[in-house]
Amino acid sequence: MRQNRAGDTTLIITTYNKPVFLEMVLKSVLRQHTLPAEVIVADDGSAAETRELIERYQTLFPVPLVHSWIPDEGFRLSMSRNVAIAKAKGDYIIVIDGDIVLGPSFVGDHVLARERGYFINGSRARLSEEATRRHCASLDPRITVFTPGLRRPLVMLRMPWLHRLAKGATGIDKIRGCNMSFWKSDLVAVNGFEERITGWGCEDTELVDRLYHIGVKRKNIKGLAPCVHLYHPKAAENYETHKANISIREETERLRKTRADKGLDQY
């Protein structure tokens, strides 16, 4: 398959101790019609199995595959992303989670839709538990609208005309941090993700608040960039941590903050 290169684009994949999921994602990256200039795995402290997997795929990738690892000291998604963003050489950055399997046009569609003054938020289909088990057993990343066990299958249809017509939500409504892209200069301007936010929730919506405060708006990518979320049980939520995260986001909104207190400038 002939592949184009988006020479100014970095793809960041977050992960934590799910090497089978990560391998599915990496396989889907290798099937892209347009490859990014580099791929960075933002690893929140995974064990040796993930490192060995990445080392194996580094020999297979036609572009640099970078393992950006931080020690396992709890759920520190914001930090793992910031460290990866600081390493990124691309002017444009696509961020996905390590359980998001990409359709072949995913990277190219983000590049096609990007626009100065905007960040992009995308959607995802969902794979059932049984279908996820089946695809992970075969390590087959080929998931289409016809795949058994696919939920929200229309997301897997590439419909550029829909992208031009459907504006979708604005602000933090239905923000999905698993499928977003940004100009790196905008992330630098707001100092990246807020690392005071730990545990599950609010790291993506709080970032979006700050982007809006500097005038960077949301652009949805309906009909483009198909991808699918692999099934896994919902992460356990710590009530006190989540309450603290909500408080940080409310503070950002109330004070119209534009920069993270503890963010990208550390790196």
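Before reading on, note that the structure itself is shown above.
Quick notes on the rules
- Numbers given to residues run from 1 along each chain, matching the order in which its sequence is written.
- Since the coordinates come from a predicted model, pLDDT governs what is reported: local features require at least 70, and pairs of side-chain atoms require 80 or more to be given and counted, while whole-chain, interface and lining totals use all residues.
- The side-chain quantities take in all heavy atoms of the structure and omit both hydrogens and water.
- Each helix is a run of H or I in the DSSP string that is no shorter than four residues. Each strand is a run of E no shorter than two, and both are numbered from the N terminus.
- What the globule rule says is 2.2 Å times the number of residues to the power 0.38, and the radius of gyration is computed from C-alpha atoms.
- By the convention used here, residues are in contact when the closest approach between their heavy atoms is within 4.5 Å.
- The positive count covers Lys and Arg only, the negative count covers Asp and Glu only, and His and the chain ends enter neither.
- Here the site of a charge means NZ on Lys, CZ on Arg, CG on Asp, or CD on Glu.
- Grid spacing is 1 Å over the protein atoms alone, the probe is 1.4 Å, and a cavity is where that probe fits but cannot get out, while a pocket is an open set with protein on both sides within 12 Å along at least five of seven lines and lining residues have an atom within 4 Å of a point.
- Grid points are joined across faces, edges and corners, and a volume is the space filled by probe spheres set on the points.
- Here the term charged refers only to Asp, Glu, Lys and Arg, the term nonpolar to Ala, Val, Leu, Ile, Met, Phe, Trp, Tyr, Cys and Pro, and the term polar to all other amino acids, Gly among them.
- Each residue gets one of three labels from its accessible area relative to the maximum for its type: buried under 20%, exposed over 50%, partly exposed in between, using a 1.4 Å probe on protein chains only.
- This arc corresponds to the set of directions leading from the helix axis out to the C-beta atoms.
- When the centres of two rings from Phe, Tyr and Trp lie within 6.5 Å, Trp using its six-membered ring, the rings pair. Their planes under 30 degrees apart give stacked, over 60 give edge-to-face, and anything left gives tilted.
- A pair of strands counts as paired when DSSP detects no fewer than two bridges linking them.
- Geometry is summarised by axes, namely lines fitted to C-alpha atoms with helices restricted to the contacting stretch, and by angles between N-to-C directions that run from 0 to 180 degrees.
- With strands facing away from the observer, any crossover in which the path from the first strand over the helix to the second runs clockwise is taken as right-handed.

1. Quick look at the overall build of the chain
And step 1. Secondary structure assignment for the chain yields nine helices and 11 strands.
And step 2. Compactness check: the chain gives a C-alpha radius of gyration of 17 Å against a globular reference of 18 Å for 267 residues, within 12% of the reference.
And step 3. Projected onto the principal axes, the alpha-carbon positions of the chain cover approximately 50 × 45 × 35 Å.
And step 4. Long-range contacts, defined as pairs at least 24 residues apart, comprise 85% of the intrachain contacts of the chain with a sequence gap of at least 6.
And step 5. Positive and negative charge centroids in the chain, built from 40 and 33 side chains respectively, lie 7 Å apart.

2. Remarks on the layout of surface pockets
And step 1. When its volume is computed, the largest pocket comes out at roughly 1,200 Å³.
And step 2. Along the wall of the largest pocket there are 36 residues; nearest its centre are Phe75, Asp97, Asp99, Trp200 and His232.
And step 3. At the level of elements, strand E1 (4–15), helix H3 (77–87), strand E7 (125–127) and helix H8 (203–213) are the ones that each hand at least two residues to the lining of the largest pocket.
And step 4. For the lining of the largest pocket, the residue count by class is 12 nonpolar, 11 polar and 13 charged.

3. Digging into helix H5 (residues 129–138)
And step 1. Among the residues of H5, Ala131, Thr132, His135 and Cys136 are the ones counted as buried. Buried residues of H5, seen end-on, are gathered within an arc of 130 degrees and therefore sit on one face of the element.
And step 2. In this structure, the buried residues of H5 make contact with helix H1 (19–30) and E7.

4. Focus: the environment of Lys87
And step 1. Mapping Lys87 onto the fold places it in helix H3.
And step 2. Taking C-alpha positions, Lys87 is 25 Å from Lys257, a pair spaced 170 residues apart along the chain.
And step 3. Discounting chain neighbours no more than four positions away, the residues touching Lys87 are Glu38, Ile40, His67, Ser68 and Trp69.

5. Digging into the packing of aromatic side chains
And step 1. Going through the model one piece at a time under the given rule, you end up with three aromatic pairs.
And step 2. Ring plane angle 20 degrees and centroid distance 6.0 Å describe the contact between Phe119 and Phe182, whose orientation is recorded as stacked. Taken as a pair, Phe119 in strand E6 (residues 118–121) and Phe182 in strand E9 (residues 179–183) lie far apart in primary sequence, 63 residues in all.
And step 3. The class for Phe119 is buried, based on a relative accessible area of 1%.

6. Some thoughts on the sheet that holds strand E2 (residues 34–43)
And step 1. Reading across from one edge, E3-E2-E1-E4-E9-E6-E10 is the order of the seven strands in this open sheet, with mixed pairing throughout. Strand pairing shows two members of the sheet lacking a second neighbour, strand E3 (65–69) and strand E10 (217–220), which therefore form its edges. Across the sheet, the axes of successive neighbouring strands diverge by a mean angle of 25 degrees, strand direction being ignored.
And step 2. Direction of pairing for E1 relative to strand E4 (residues 92–97): parallel, over a ladder of six bridges. For Ile12, the partnering residue across the bridge sits in E4 and is Val95.

7. Concerning the pairing of E1
And step 1. Bridge count for E1 against E2 is nine bridges, and the pairing is parallel. Bridging across to E2, Thr10 finds its partner in Glu38.
And step 2. Since E1 and E2 lie parallel, the crossover through H1 that links them has a hand, and here it is right-handed.

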